[in-house]
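Here is what each chain is made of, one letter per residue.
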Amino acid sequence: MTRSITVLGATGSVGASTLDLVRRNRGNWRVVALTANCSAVELAKLAREFEAEVAVVGDESCLSDLREALAGSGVEAAGGPDALNEAAARGADITVAAIVGCAGLAPTMAAIEQGGTIALANKEALVSAGEVMTAAVAKHGATLLPVDSEHNAIFQCLEGEDLANVRWITLTASGGPFRDATREQIEAATPAQAVAHPNWDMGAKISVDSATMMNKGLEFIEAYHLFPVGLERLRIIVHPQSIVHSMVEYRDGSTLAQLGPSDMRVPIASALAWPQRMDTPCAPLDLAAIGTLTFRAPDEHMFPATRVARECAEAGGAAPAVLNAANEVAVAAFLAGKIKFTRIVAQCEQVLGLGIPPAPNTLDEVIAADADARRRAGELLERV
Ligand code: NAD
Ligand code: MG
């Protein structure tokens, strides 16, 4: 049976892994929309290959390049935020939300409003919107399947189970490239060092988030919304090998875990085929070759991001949206060489300290809280 698919963020790391799976099972899929921010030539190449209905660039200034690159292909070209939302709302059977940052929120919500299946990689959207997104999922009868490897693991460990029986949900964290670094090394960390993740090959923003551990902080909030067992049942453990992708412990003392290679095609395939399974080209798990799996408690003195995120989850309302926006601004500034690595999380705390807007009830209110926090974070940057 052919299914239709839209990939928001098709030119990124998760987008490429998704399209690799689609390419290997080409006959099973009809591609509706592929989107990118501005990589018009790359996007056009993908749109031609996958015979997409429409290709969209979020940045309207890249639309003329896209039109030119798609000339004669029969693929529609569009650009700008409204065009992204319109493409997301074309009602594909499954929409892979793989834009990075809160920029992916509105198109993800547009897909949710069609009531289809959303394979969610774009954690910042759920962190920012929280209950506004989960309420929309319920209202429109959409299905939200987590693609983030930890949440996909938890989702698999929870299948057929009663949440009331859960004692703990444990998110594993690789600890990032600085997990064994000294304080001096972390103080002096460069963008090149921060994006060089030991286990995963990912986009720049999430790589920096892994290095600060803000990725795990955002994932903690993401887990809170996806699996409503209460914050007190969520915890984080550092597992440097990234083989155990997360675990669920039940009240009888049984712990279920999902294991696999550090390859995003595994959780993406799990979401694309759910509730069935599909083949991937990933190498089988060779535990004898891996030999040792280790675990340790996170160090929140060296990496305060998980503490800050937990406090935002506890505060609720707009606090996670403010944290996410402040972090996006700080990570961009770090990547641009404007601030030190350790300023990223420090600046998030400063922005949070400037005040939290009232709890958002609508998408527009979430977007306003995000914009407000970005403005404050930008002003702070100008002062340093
Ligand atoms: P990436 O930077 O490689 O790709 C991002 C994609 O979003 C690109 O297609 C880009 O063109 C598009 N984009 C960026 N800004 C945009 C904007 N303003 N408007 C419209 N489109 C825009 O990122 P990635 O590593 O693929 O991550 C994507 C999402 O998946 C992130 O939320 C990340 O946290 C999450 N995620 C990624 C991985 C991974 O292994 N890469 C794992 C788990 C979760
Ligand atoms: Mg993850």
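Residues numbered from 1 in each chain as written. Chains lettered and ligands numbered in written order. Predicted model: local features only at pLDDT ≥ 70, side-chain atom pairs only at ≥ 80, totals over all residues. Heavy atoms only, no water.

A few words on unusual backbone geometry. In this structure, Pro-275 follows Trp-274 across a cis peptide bond, with omega equal to 5°. Along the chain, the position of Pro-275 falls in the loop between helix H13 (265-273) and helix H14 (287-290). In this model, Ser-242 sits at a positive phi of 50°, which is unusual for a non-glycine residue. (Helix = DSSP H or I, 4+ residues; strand = E, 2+ residues; numbered from the N terminus.)

This part covers the UniProt feature "binding site: NADPH" (unreviewed entry) in the chain. In the numbering adopted here, UniProt assigns the feature "binding site: NADPH" (unreviewed entry) to Thr-11, Gly-12, Ser-13, Val-14, Asn-122, Glu-124 and Gly-203. Note on placement: Gly-12 falls in the loop between strand E1 (3-8) and helix H1 (13-24). Exposure remark for Gly-12: the relative accessible area of 29% places this residue in the partly exposed category. Along the chain, Val-14 turns up in helix H1. When its relative accessible area of 19% is taken as the criterion, Val-14 is described as buried. Residues within four places of Val-14 in sequence aside, it is in contact with Ala-98, Ala-121 and Ile-268. (UniProt positions renumbered as here; feature names shortened; annotations may be inferred. Buried < 20%, exposed > 50% of the residue type's maximum accessible area, 1.4 Å probe, protein only. Contact = heavy atoms within 4.5 Å.)

Take the coordination of the magnesium ion (ligand 2) next. Looking at the magnesium ion (ligand 2), one finds its protein donor set to be Asp-148 (OD), Glu-150 (OE) and Glu-219 (OE), positioned 2.0 to 2.2 Å from the metal centre. Within one chain, the residues serving as donors to the magnesium ion (ligand 2) are arranged as D-x1-E-x68-E. Here the residue Asp-148 occupies a position in the loop between strand E7 (143-146) and helix H8 (149-158), and Glu-219 occupies one in helix H12 (residues 214-226), the gap between them amounting to 71 residues. With a relative accessible area of 1%, Glu-219 lands in the buried category. (Donors = N, O, S within 2.8 Å, 3.2 Å for Na, K, Ca; no water.)

Attention shifts here to the site of ligand 1. In the vicinity of ligand 1 lie 22 residues, with Thr-11, Ser-13, Asn-37, Glu-124 and Gly-203 positioned nearest. With respect to ligand 1, the backbone of Asn-37 contributes an N or O atom lying 2.8 Å from an oxygen atom. Here an oxygen atom of ligand 1 and a backbone polar atom of Gly-203 are 2.9 Å apart. Summarising the interface, the protein chains cover 86% of the accessible area of ligand 1, which totals 830 Å² for the free molecule. Among the secondary structure elements, those contributing two or more residues to the shell around ligand 1 are H1 and helix H6 (123-129). Grouping the amino acids of the shell around ligand 1 by side-chain chemistry returns 12 nonpolar, 7 polar and 3 charged. (Near = heavy atom within 4 Å. Polar contact = N/O pair within 3.5 Å; in protein donor to acceptor, adjacent residues only side chain to side chain. Areas by Shrake-Rupley, 256 points an atom, 1.4 Å probe, with all protein chains shown as cover. Nonpolar A, V, L, I, M, F, W, Y, C, P; charged D, E, K, R; others polar.)

Glancing now at the domain arrangement of the chain. What the domain assignment lists for the chain is domain 1 (3-146), domain 2 (154-311) and domain 3 (316-384). Look at where the C-alpha atoms of domain 2 and domain 3 centre, and you get two points 24 Å apart. Contact with domain 2, which involves 22 residues of that partner, is made by 16 residues of domain 3. Around 1,600 Å² of area is buried between domain 2 and domain 3 when both sides are counted, 77% of it from carbon and sulfur atoms. One can count 2 salt bridges joining domain 2 with domain 3. In this structure, Arg-307 engages Glu-349 in a salt bridge whose closest nitrogen and oxygen atoms are separated by 3.4 Å. (Domains from an automatic or database assignment. Buried area = accessible area lost by both parts, 1.4 Å probe. Salt bridge = Lys/Arg side-chain N within 4 Å of Asp/Glu carboxyl O.)

A word on the pattern of salt bridges. By the definition in use, this model includes 28 salt bridges. Shared partners join several salt bridges into a network, and the residues in it are Arg-30, Glu-53, Glu-76, Glu-86 and Arg-90.

Here we come to the state of the cysteines. Taken as a whole, this structure holds 1 disulfide when the rule is applied. Two residues, Cys-38 and Cys-62, share a disulfide whose sulfurs are 1.8 Å apart. Across the S-S bond linking Cys-38 and Cys-62, the dihedral sits near -80°, which makes this disulfide left-handed. Of this pair, Cys-38 sits in the loop between strand E2 (29-36) and helix H2 (40-49) while Cys-62 sits in the loop between strand E3 (54-57) and helix H3 (63-70); the two residues are 24 residues apart in sequence, bridging distant segments of the chain. For Cys-38, a relative accessible area of 33% puts it in the partly exposed group. The exposure class assigned to Cys-62 is buried, which follows from its relative accessible area of 4%. (Disulfide = S-S within 2.5 Å.)

One can find Glu-300 in the loop between H14 and helix H15 (305-315). A relative accessible area of 25% places Glu-300 in the partly exposed class. The sequence separation of Glu-300 and Met-213 amounts to 87 residues, and the corresponding C-alpha distance is 9.3 Å. Here the side chain of Glu-300 touches Arg-307 through a polar contact of 3.5 Å, landing on its backbone nitrogen.

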